[in-house]
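Residue-level structure breakdown
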Amino acid sequence: MRRVVITGLGTINALGNDVETSWARILRGENGIGPITRFDTSQQSVKIAAQVALDPSKHFAVPDMRKLDPFTMWALLATDEAMRDAGLDPAKADDAERERWGCIIGTGIGGITGIEEQYDGLMEKGPRRVSPHFVPKIMANAVSGQVAIKNGLLGTCFTTSSACASAGHAMGMAWRSIQWGESDLVVTGGSESATTPLSLAGFSNMKALSTRNDDPAAACRPFDKERDGFVMGEGCGVLVFEELEHARRRGARIYAEVKGYGSTDDAYHITAPEESGRGPARALRQALAHARLAPESVDYINAHGTSTPYNDAIETRAIKLVFGEHAKKLCVSSTKSMVGHLLGASAAVELVVTALSIHHGVVHPTRNYTTPDPECDLDYVPGAARQLRVRNALSNSLGFGGHNVSICIGQLDG
């Protein structure tokens, strides 16, 4: 099998609109959660989210803004950053080369912003006022299609959608596409812009969200005993996956090697995780088996860590099932404690962070971990970032539908 490495990174999230800004703030354990300012929340029971602060008009012409939902805009911008970071210019590559460049990007919900906008127009002004751009703007696969069109990516191109595991599955498929010889390079990751009145009300009425409206900075507290739900986040993460020798031939900087991928399902309940933790544990084991790594060679886990009572306890249980006594030696942290839950994009932003941890030898803290929970008794890196030589790491994603994904990346060996 061909080996796969990460050569480019891009992100937009509540802590920054690029990797450099986001990474610095994540290492400092800063807060990206605050009151929702984009729409009226007076009738909503939850009034907080981790919102992206980006003016699309500074990056896109008005005609393009009519055709692009925010989740696609953000992916286009993050792809630009990732391609620059990788030292790639599609305009300088010929068709034969770009025929082996793919694009696989995940989204959990897709263009719900555009759906709500157009529905309101339909109700107020009638069907003739629905935009002719409506369908191609809101369809989930618009994100991968538009990224491919802008960058001339002529290889395999599609979108994965599996709730909060969407980007995890996208990156797993990108890894396989390169391994199997279908592609030499794949732009991959996830994007989500679901902070809308309808989405917020839906998640809130499920009792899935934190209700700490009066203290948003303390609302997301993964693994903490006082956790009361996740916080909506938004944004995207884009990575360039590349075949190792292809990257070496062009002298690319390599952040990490993608070594393994595990994908399972609980087959239990559409929203609730199965309590034993066996489902995510099997995904962890698959990722390690593909990587041909012993559990003891893993130093860090970027956890799904949503800040919901069930998820955090069950994920902890799964880690213990796989790692046994070594679980106590692992550093485990949750990026969501700062940027919220990006749903279908969460796995991508978190793999960006995990790759940076390997590259720089430092892991970020879990914000707001102050009150230990007997059911969550691992080292969640409380307080401050920690210097750590990360040989190998796992990044976990668990989604509605019982989906479990774990991706193993690590230092390049040989």
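Here, every reference points to the structure presented above.
Residues numbered from 1 in each chain as written. Predicted model: local features only at pLDDT ≥ 70, side-chain atom pairs only at ≥ 80, totals over all residues. Heavy atoms only, no water.

Another aspect to go through is the pattern of salt bridges. Applying the stated criterion to the full structure yields 23 salt bridges. Put simply, Asp 95 and Arg 98 hold a salt bridge, and the shortest N to O gap is 2.6 Å. You can see Asp 95 and its partner Arg 98 sitting in helix 4 (residues 95-98), three residues apart, about one turn around the helix. In this structure, the salt-bridge partner of Asp 413 is Lys 259, at a minimum N-O distance of 3.0 Å. Pair noted here: Asp 413 is in the segment after strand 14 (403-410) and Lys 259 is in strand 8 (residues 256-265), with a separation of 154 residues, a long-range link. By relative accessible area, Lys 259 is classed as buried at 10%. Sharing partners across several salt bridges, the network here consists of Arg 2, Arg 100 and Asp 184. (Salt bridge = Lys/Arg side-chain N within 4 Å of Asp/Glu carboxyl O. Helix = DSSP H or I, 4+ residues; strand = E, 2+ residues; numbered from the N terminus. Buried < 20%, exposed > 50% of the residue type's maximum accessible area, 1.4 Å probe, protein only.)

Turning our eyes to something else, we now look at the packing of helix 11 (residues 278-291) against helix 12 (residues 309-323). One way to put it is that helix 11 packs onto helix 12 with a least axis distance of 8 Å and a crossing angle of 45°. Judged by the angle between their axes, helix 11 and helix 12 are oblique. Relative to helix 12, the crossing made by helix 11 is right-handed. Each of Arg 278, Pro 280, Ala 281, Leu 284, Arg 285 and Leu 288 in helix 11 lies in contact with helix 12, whose residues at this interface are Ala 318, Ile 319, Leu 321, Val 322 and Phe 323. In terms of residue class, the contact of helix 11 with helix 12 is built from nine nonpolar, no polar and two charged. (Axes fitted to C-alpha atoms, helices over the stretch in contact; angles between N-to-C directions. Parallel < 35°, antiparallel > 145°, perpendicular 65-115°, else oblique. Left-handed = near helix turned anticlockwise from the far one by under 90°. Contact = heavy atoms within 4.5 Å. Nonpolar A, V, L, I, M, F, W, Y, C, P; charged D, E, K, R; others polar.)

Burial runs high along strand 13 (residues 392-399): eight of the eight residues are buried. Here strand 9 (residues 300-302) pairs with strand 13 via three bridges, running parallel. Counted as the bridge partner of Ile 301 is Leu 394 from strand 13. Taken together, the eight bridges between strand 13 and strand 14 define a ladder with antiparallel strand orientation. What sits directly across from Ser 397, in strand 14, is Val 405. (Pairing = 2+ DSSP bridges.)

Moving on, we come to the pairing of strand 7 (residues 235-243). Where burial is concerned, most of strand 7 is hidden: nine out of the nine residues are buried. Residue alternation in strand 7 divides its side chains into two sets, Gly 235, Gly 237, Leu 239, Phe 241 and Glu 243 and Cys 236, Val 238, Val 240 and Glu 242, and both sets are buried. Taken together, the eight bridges between strand 1 (residues 4-12) and strand 7 define a ladder with antiparallel strand orientation. If you follow Gly 10 over to strand 7, its bridge partner there is Val 238.

With 45 residues, the main nonpolar core has Ile 6, Leu 9, Leu 239, Phe 241 and Ile 409 as its most contacted residues. When residues of this core are assigned to their parent elements, the largest contribution, nine residues, is made by helix 14 (residues 346-360). Sequence-distant contacts of Ile 6, that is, excluding residues within four places in its chain, are made with Leu 239, Val 240, Phe 241, Arg 253, Ile 254, Tyr 255, Ala 256, Val 258, Leu 351, Ala 355 and Ile 409. In this structure, Leu 68, Phe 71, Met 83 and Leu 185 belong to the second largest nonpolar core, which totals 29 residues. (Core = buried A, V, L, I, M, F, W, Y, C linked by side-chain atoms within 4.5 Å.)

Mapped onto the secondary structure, Ala 218 falls in the loop between helix 9 (197-205) and strand 7. The class of Ala 218 is buried, set by a relative accessible area of 13%. Sequence separation of Ala 218 and His 364 is 146 residues, and the distance between their C-alpha atoms is 17 Å. Excluding residues within four positions of it along the chain, Ala 218 makes contact with Arg 212 and Asn 368.

This paragraph deals with the packing of aromatic side chains. Under the criterion given, the structure shown has five aromatic pairs. Pairing Trp 175 with Tyr 261 gives two aromatic rings, centres 6.4 Å apart and planes at 65°, and the pair type is edge-to-face. On the criterion of sequence distance, the pair formed by Trp 175 in helix 8 (residues 166-179) and Tyr 261 in strand 8 is long-range, its members being 86 residues apart. Both residues of the pair, Trp 175 and Tyr 261, belong to the buried class. Where Phe 203 meets Phe 400, the ring centres are 6.4 Å apart and the plane angle is 40°; that geometry is what we call tilted. In this pair, Phe 203 is assigned in helix 9 and Phe 400 in the loop between strand 13 and strand 14, connecting sequence segments 197 residues apart. Given a relative accessible area of 13%, Phe 203 falls into the buried group. (Phe/Tyr/Trp six-rings, centres within 6.5 Å; stacked < 30°, edge-to-face > 60°.)

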